[in-house]
Amino acid sequence: MKPDPLSSGRPEARSCIAVSGESHPARIPHRPFFPIRGIVIAGCLLTGLSQAADTGKPAPTPEPKPAPASAKSNATPAPKALPPAKPAALSAPVDKAKPAPAKPASVPPKAETKPAPAKVATAATPRPSPASPFESPAALKTESRIDQLVMARLKPLGVRPALCSDAVFVRRVYLDVTGTLPTAAEAKAFIDDPDTATKRTRLVDRLLASDEFAVYWGMKWGDLLRIKAEFPINLWPNAAQLYHRWVVSSLKENKPCDEFVREMLISSGSNFRVGPVNFYRAMPDRSPEGIASVVALTFMGTRTESWPKEKLAGMSAFFAQIGYKPTSEWKEEYVFWDPIGTHTIAGNVAPGRAKVEEIGTTLAADVAVAGPKAFPMAAVFPDGKAVKLSPDRDPREVFADWLLAPGNPWFARSLSNRVWSWFLGRGIVHEPDDLRPDNPPSNPELLAYLEKEFVASKYNLRHLYRLILNSETYQFSSLAKSTKPEVAAQFGSYPLRRLEAEVLIDAINRITGTSELYTSPIPEPFTYIPQGQPSVAIGDGSITSPFLALFGRSARATGTEDERSNQVVAAQWLHLLNSSQIQEKLDRGPALKALLQSKRPPREMITELYLTILSRHPTAEEMARAKTYCGIGAGDKPGKGTRAEHWSDLGWALLNSSEFLFRH
């Protein structure tokens, strides 16, 4: 039977059936979206995926049915919520509490020596166990201003968050700052570092100074700035690559954010030679109103659809004198300040010549439209202040001066709120690009503080990143202490979010030692990215792969935050479980092969596998169950039923766990 190349690389799918506490490999016929019948491998959590499809965070996972005490000490977002047949870690405290009353009936003296209430009281401690892989036993200090403002809102709600463990933090901050997973060696070194007072701060500083930081955040800014060569943006590959390189280099040198934005707003020149000038080309509607709407969305965090017409018209006057001049080079354009409307491209609403051949000739129509009178001589800022436009100064400079002035709250507030949402999963104003009077911030004092710090640092993005990353609020556990919406709005826990498509495939490739082929389907010209380049480093949104399309990569058509979809759908689950792509990576990937075929003791191999995929050590229970599945008997020696594919199955199960697929 030949495998279906689109759904499965094997005619039958392997599963592991739990029978009387033992695991036995079994073969079940392949069929679309088959259920996993109890994979007895710790760390394989699949139930959270379908729950996360609607909300982006599987709410039932942090608070399972056992008593609250068990939830705090044992509940996890990934490895403990196994199928109902064997939830050993979660059910243990409850199972022990229930049989206790039955013992006095047959052996009364033992009921007095081991009373059930004592065990329940021990399990009910409000602090997490030191052995918890997901929460830290350290108490909150609430020393930073961010934490004080957040806790002031959480205390009236009766919520006392816990800090995440070192293992969770090292994985979280690597993903959030660089879009990569730490290697097993990096994760182990951080977890074992005894300097608990400074090691988190030192790691944040090191990651912010890395090249991976600039590349990953170049991808996020690429979504915002709509860097895409083809429809509907149509930058053209040369321009898209130039624009992306300029963004990445600006982030790498830590260019002040106001300077970064000013260069885009007032830029002029060739789209093939001046990177920031592509800001005025990376928009489907290049009319003055269309440009004003993109500027408001990108740098002010507001959507002009709800604005009165006169407000948008007043702002659009600042962008009415932009000219687009074609050249003899195919697809090259000059963007410049054109106060008398002498040049344009076909289809643009601004007056001027539509063809290259017409440049330099005198047309009768030019006389009627030439001169400053062809454009508005007055404009109105979004705050309602009117200004006269001088014929001797580019109106874009006037608008940039207003927008980036330290006393103007529009820009600093928008960027502060947007950065917070990138790290904490939702904005203080939610959505982060929908700032308006009737959508107030959930914590106005916190937003005002971030805005003030951003301006005081002279628009230093890394300063803003450090403030957030070093706060206890960012380091809260993802195990929510309450499911109330108001607690989530006040950032009572770190939100569970599925990894972005690019980050996910890069993580899988790095673990297995494989690569992807990325191409552009448009043959003008056909674009080919060499294998081995990370997905997050691809600057052009038109260059893609089936995996990126399936897992919700941003289309880069509108520049809104919700354009990227990180929700989990059934097709994604099936692809990770049963596709030939993932199977081949597991079976043939040199990095994973080298790990699984090493001659190290089984305990070390299992630990290395957990550190590589989940960035943490396995628990004692996980170690025992993994050894049992892989046929490791007493003395850590392989048994008779040991097969090489069991080790591959263990890696496959961990890659399919919610702990791997989600930021937590």
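Computed from a predicted model, the values in this text were never measured in an experiment. (Residues numbered from 1 in each chain as written. Predicted model: local features only at pLDDT ≥ 70, side-chain atom pairs only at ≥ 80, totals over all residues. Heavy atoms only, no water.)

### Some words on the overall build of the chain
Link 1 in the chain: Across its full length, the chain holds 30 helices and 11 strands.
Link 2 in the chain: By residue count, 53% of the 664 residues in the chain fall in the buried class.
Link 3 in the chain: Intrachain contacts of the chain at a sequence separation of at least 6 include 67% that bridge at least 24 residues.
Link 4 in the chain: Accessible surface computed for the chain: about 28300 Å², of which carbon and sulfur atoms make up 59%. (Helix = DSSP H or I, 4+ residues; strand = E, 2+ residues; numbered from the N terminus. Buried < 20%, exposed > 50% of the residue type's maximum accessible area, 1.4 Å probe, protein only. Contact = heavy atoms within 4.5 Å. Areas by Shrake-Rupley, 256 points an atom, 1.4 Å probe, with all protein chains shown as cover.)

### Quick word on the confidence of the model for the chain
The predicted coordinates ought not to be read in detail in places where the model reports low pLDDT.
Link 1 in the chain: In this model, the chain carries a mean pLDDT of 80, and residues with pLDDT of at least 70 account for 74%.
Link 2 in the chain: In the predicted structure, residues 1–130 sits below a pLDDT of 50 and forms 210 contacts with residues beyond four places in sequence or in another chain.
Link 3 in the chain: Every residue in residues 345–357 is under pLDDT 50, and counting partners more than four places away or in other chains gives 35 contacts. (pLDDT = per-residue confidence, 0-100.)

### Side note on the packing of helix α19 (residues 444–456) against helix α20 (residues 461–469)
Link 1 in the chain: Interhelical geometry of α19 versus α20 gives an angle of 140 degrees and a closest axis separation of 9 Å. For the pair α19 and α20, the crossing hand works out as right-handed. The segment α19 lies against α20, with Tyr449, Leu450, Glu453 and Phe454 engaging Leu461, His463, Leu464, Leu467 and Ile468.
Link 2 in the chain: Along the lines of polarity and charge, the residues of the contact of α19 with α20 split into 7 nonpolar, 1 polar and 1 charged. (Axes fitted to C-alpha atoms, helices over the stretch in contact; angles between N-to-C directions. Left-handed = near helix turned anticlockwise from the far one by under 90°. Nonpolar A, V, L, I, M, F, W, Y, C, P; charged D, E, K, R; others polar.)

### As for the side chain of glutamate 622
Link 1 in the chain: With respect to the secondary-structure elements, glutamate 622 resides in helix α28 (residues 620–629).
Link 2 in the chain: A distance of 2.9 Å separates the side chain of glutamate 622 from the side chain of arginine 616, its partner in a polar contact. (Polar contact = N/O pair within 3.5 Å; in protein donor to acceptor, adjacent residues only side chain to side chain.)

### Some words on the pairing of strand β5 (residues 333–337)
Link 1 in the chain: By the bridge criterion, 2 bridges tie strand β3 (residues 269–270) to β5 in an arrangement that is antiparallel. If you follow serine 270 over to β5, its bridge partner there is tyrosine 334.
Link 2 in the chain: One ladder, built from 5 bridges, connects strand β4 (residues 322–326) with β5; its direction is antiparallel. Paired with glycine 323 across the bridge in β5 is phenylalanine 336.
Link 3 in the chain: The antiparallel hairpin formed by β4 and β5 contains 6 residues in its connecting segment, where lysine 331 sits at a positive phi of about 75 degrees. (Pairing = 2+ DSSP bridges.)

### Some remarks on the pattern of salt bridges
Link 1 in the chain: Applying the stated criterion across every chain, the model contains 35 salt bridges.
Link 2 in the chain: Across the pair arginine 281 and glutamate 333 runs a salt bridge whose closest N-O atoms are separated by 2.9 Å. Taken together, the positions of arginine 281 in the loop between β3 and α14 (288–300) and glutamate 333 in strand β5 put the pair 52 residues apart, joining distant regions of the chain.
Link 3 in the chain: Among the residues examined, glutamate 333 registers a relative accessible area of 10% and is labelled buried.
Link 4 in the chain: In this structure, glutamate 621 and arginine 625 form a salt bridge, with 3.2 Å as the shortest nitrogen-oxygen distance. Of the two residues, glutamate 621 and arginine 625 both sit in helix α28, 4 residues apart, roughly one turn of that helix.
Link 5 in the chain: Since its relative accessible area comes to 25%, glutamate 621 is described here as partly exposed.
Link 6 in the chain: Exposure remark for arginine 625: the relative accessible area of 13% places this residue in the buried category.
Link 7 in the chain: One salt-bridge network, held together by shared partners, links Asp223, Glu502, Arg553, Arg556 and Arg564. (Salt bridge = Lys/Arg side-chain N within 4 Å of Asp/Glu carboxyl O.)

### Considering the packing of helix α12 (residues 237–252) against helix α13 (residues 257–265)
Link 1 in the chain: Relative to each other, α12 and α13 sit at 160 degrees, their axes nearing to 11 Å. Regarding the angle of α12 to α13, the classification is roughly antiparallel. Viewed along their axes, α12 and α13 form a crossing whose handedness is right-handed. Only Phe260, Glu263 and Met264 of α13 make contact with α12, whose side of the interface consists of Tyr243, Trp246, Val247 and Ser250.
Link 2 in the chain: Residue classes in the contact of α12 with α13 are distributed as 5 nonpolar, 1 polar and 1 charged. (Parallel < 35°, antiparallel > 145°, perpendicular 65-115°, else oblique.)

### Let's talk about the sheet that holds β3
Link 1 in the chain: Spatially, 3 strands are ordered β3-β5-β4 in an open sheet, and the strand pairing comes out antiparallel. Because the sheet does not close on itself, it has two edges, and the strands there are β3 and β4.

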